[in-house]
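The primary structure of each chain is shown beneath.
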Amino acid sequence: MAGRVEGKVAVVTGGCSGIGLASVRRLGAEGARVVIGDLDTERGPGIAEEVGGAFVATDVTDPEQVEALFGQARTDFGSVDVAFNNAGISPPDDDSITTTGLDAWHRVQEVNLTSVFLCCKAALTPMLEQGRGSIINTASFVAIMGAATSQISYSASKGGVLSMSRELGVQFARSGVRVNALCPGPVNTPLLRELFASDPERAARRLVHVPMGRFAEPEEIANAVLFLASDESSFVTANTFLVDGGISAAYVTPL
């Protein structure tokens, strides 16, 4: 039985850990040829070999390296059918607006928002020529909600990703290219664990608002990526695709 993305070529940025890694493995298991763009040159080649894909060392804030990533996917495998633009950071010096400096603000915007702009731009060239493609941009539930435990640049960057994805989804809807914003809730990734290990109070303040009472596992988000990448979502575009355990719908959570 063919996989759900059999024969598709998928480019995944930030594919060496967390949601990206789980998605690389899920897409590979369902038949896609996966090209990973990441800075992790130690793990990247092995992960690519594991899924029968390719690894391209990529700084997603560098336009030339991003173009090279998508060009390599096309050269090696013949097309670019899926772009999961997932790379992102959440550094500790991105905090309240009252304490976050301009350097931290710019760094987060470059990695989380500008890189998505660059990746969408690079992906659209082959997709528009082919007349087909699915672009999935990692936003976040914080793009539609506010938090007193602020990460001001992160939240703003994810709002930008959401808005840009919606606009591109509308703009290219009749060109065969779908663009959606994936909005995960809190996910059990190394990034989140590192943050909460140093600040358990912040973890507790967040977890109490999740109706399911737990964080998502990366594999659960990867299942959503697979759906958006596959032809099963052929009428889904310009969408705010929330996978958040109900957090964005909750007023009072269960005891």
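Residues numbered from 1 in each chain as written. Predicted model: local features only at pLDDT ≥ 70, side-chain atom pairs only at ≥ 80, totals over all residues. Heavy atoms only, no water.

Asks: How would you summarise the overall build of the protein if you had to cite specific residues and measurements?
Replies: In terms of regular secondary structure, the protein is built from eight helices and seven strands. Taking 255 residues into account, the globule formula puts the C-alpha radius of gyration at 18 Å, and the protein, at 17 Å, falls close to it. Projecting the C-alpha coordinates of the protein onto the three principal axes gives extents of approximately 50 × 40 × 35 Å. The buried share among the 255 residues of the protein stands at 50%. (Helix = DSSP H or I, 4+ residues; strand = E, 2+ residues; numbered from the N terminus. Rg over C-alpha atoms; globule rule 2.2 N^0.38 Å. Buried < 20%, exposed > 50% of the residue type's maximum accessible area, 1.4 Å probe, protein only.)

Asks: How would you sum up the packing of aromatic side chains? Please name residues and give values.
Replies: Taken as a whole, this structure holds one aromatic pair when the rule is applied. Relative to Phe241, the ring of Phe227 has its centre 5.8 Å away and its plane inclined at 35 degrees; by these criteria the two rings are tilted. With Phe227 in helix α8 (residues 218-229) and Phe241 in strand β7 (residues 240-243), this residue pair connects regions lying 14 residues apart in the sequence. Its relative accessible area of 19% is what places Phe241 among the buried residues. (Phe/Tyr/Trp six-rings, centres within 6.5 Å; stacked < 30°, edge-to-face > 60°.)

Asks: Summarise the state of the cysteines; cite the residues concerned and give the values.
Replies: Linking two cysteines covalently through their sulfur atoms gives a disulfide. Taken as a whole and assessed by the stated rule, the structure comprises zero disulfides. Here Cys183 stays unpaired: no disulfide links it, and the sulfur of Cys120, its closest cysteine neighbor, is 14 Å away. A residue is classified by how much of its surface remains accessible, and Cys183, at 0% relative accessible area, is buried. (Disulfide = S-S within 2.5 Å.)

Asks: Kindly report on the pairing of strand β4 (residues 82-85), identifying the contributing residues and their values.
Replies: Burial of β4 is two-sided: the residues Val82 and Phe84 facing one way and the residues Ala83 and Asn85 facing the other way are all buried. Here strand β1 (residues 9-13) runs beside β4; their pairing, made up of three bridges, is parallel. Looking across to β4, one finds that Val12 is bridged to Phe84. The pairing of β4 with strand β5 (residues 133-138) spans four bridges and is parallel. Paired with Phe84 across the bridge in β5 is Ile136. Viewed along the sheet, the connection from β4 through helix α4 (residues 102-130) into β5 turns out right-handed. (Pairing = 2+ DSSP bridges. Right-handed = clockwise from strand over helix to strand, strands pointing away.)

Asks: So what's going on with the environment of Phe241? Which residues, and what values?
Replies: As for Phe241 and Thr138, which are separated by 103 residues in sequence, their C-alpha atoms are 9.7 Å apart. Discounting residues that sit within four places of it in the chain, Phe241 has contacts with Ala181, Leu182, Cys183, Ala224, Phe227 and Leu228. (Contact = heavy atoms within 4.5 Å.)

Asks: Requested: an account of α8, with residues and values cited.
Replies: Given a rise of 1.5 Å per residue, 12 residues ought to cover 16 Å, and the 16 Å separating the end C-alpha atoms of α8 matches this to within 8%. All buried positions along α8 are accounted for by Pro218, Ile221, Ala222, Ala224, Val225, Leu226, Leu228 and Ala229. Contact partners of the buried residues in α8: α1 (18-29), β4, β5, β6 (177-184) and β7. (Expected span 1.5 Å × (residues − 1).)

Asks: How would you summarise the pairing of strand β2 (residues 33-38) if you had to cite specific residues and measurements?
Replies: The buried fraction of β2 is high, at five of six residues. Where β1 lies against β2, five bridges are found, and the strand directions are parallel. Its bridge partner being in β2, Val11 is matched across the sheet by Val35. Handedness of the β-α-β unit built from β1, α1 and β2 comes out right-handed. Across four bridges, β2 lies against strand β3 (residues 54-57) in parallel orientation. Considered in β3, the bridge of Gly37 is made with Val56. Taken together, β2, helix α2 (residues 44-51) and β3 constitute a β-α-β crossover, and its handedness is right-handed.

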